[in-house]
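Commentary on secondary and tertiary structure
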Amino acid sequence: MKLYSFTEIKTALTNAAVSDKLPLDMTLLNEEELFATSEGVLKEVESLGQYISEDSDRYETTEEAYNLLVKQSEIDGSVIADDIVMMWEPLESRYTVDQLLELL
């Protein structure tokens, strides 16, 4: 059994909650699935960094930008991603939120 740091557990639980993969009954929580999902989300967050630039008015980290996109996707994914996060100039108005999330 692998031992996880508090930060790793917190990140995994947060990512599971954001992606709506956290079970209502926490006794059903599967450690392998939880951390596999977390690692997948981390790869998507890292990938997002290639498409966006910093925007301290909207988000502090790439992970916060990713969470904004996921939340917007749940509301209406057809919104232009540049309206939610600061896209690199050549990519402005090129992708909707759903299209950008699919790229990741």
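Here the structure is shown first, and the text comes after it.
Every value quoted in this text rests on a predicted model; they were computed, and no experiment measured them. (Residues numbered from 1 in each chain as written. Predicted model: local features only at pLDDT ≥ 70, side-chain atom pairs only at ≥ 80, totals over all residues. Heavy atoms only, no water.)

Right, let's get into the packing of aromatic side chains. Ring pairs (aromatic) are described by centroid distance and by the angle formed between their planes. As enumerated under the stated definition, the model contains 1 aromatic pair in all. On the numbers, 6.3 Å between centres and 90° between planes, the contact of Tyr51 with Tyr95 is edge-to-face. Residue Tyr51 is located in the loop between helix H2 (31-48) and helix H3 (62-76), and its partner Tyr95 is located in the loop between H3 and helix H4 (97-103); the two are separated by 44 residues in the primary sequence. The class of Tyr51 is buried, set by a relative accessible area of 17%. (Phe/Tyr/Trp six-rings, centres within 6.5 Å; stacked < 30°, edge-to-face > 60°. Helix = DSSP H or I, 4+ residues; strand = E, 2+ residues; numbered from the N terminus. Buried < 20%, exposed > 50% of the residue type's maximum accessible area, 1.4 Å probe, protein only.)

A separate point is helix H1 (residues 6-18). In this model, H1 (13 residues) spans 18 Å end to end at C-alpha, consistent with the 18 Å of a helix rising 1.5 Å per residue. The set of residues buried in H1 consists of Ala12, Asn15, Ala16 and Val18. Each buried residue of H1 lies within a common arc of 165° when the element is viewed along its axis, so the set occupies one face. Turned more than 90 degrees away from the buried face of H1 sit Phe6, Thr7 and Lys10, all of them exposed. (Expected span 1.5 Å × (residues − 1). Arc of directions from axis to C-beta.)

Below, the discussion takes up the environment of Leu104. With respect to the secondary-structure elements, Leu104 resides in the segment after H4. If we ignore the near neighbours within four places in the chain, the residues touching Leu104 are Glu44, Ser47, Leu48, Tyr51 and Tyr66. (Contact = heavy atoms within 4.5 Å.)

Let us now look at the packing of H1 against H3. Across the interface, H1 lies against H3 with an axial gap of 11 Å and an inter-helix angle of 20°. Between H1 and H3, the angle is such that the two are roughly parallel. Of H3, the residues touching H1 (which contributes Thr11, Asn15 and Val18) are Glu63, Asn67, Val70 and Glu74. Here the contact of H1 with H3 is composed, by residue class, of 2 nonpolar, 3 polar and 2 charged. (Axes fitted to C-alpha atoms, helices over the stretch in contact; angles between N-to-C directions. Parallel < 35°, antiparallel > 145°, perpendicular 65-115°, else oblique. Nonpolar A, V, L, I, M, F, W, Y, C, P; charged D, E, K, R; others polar.)

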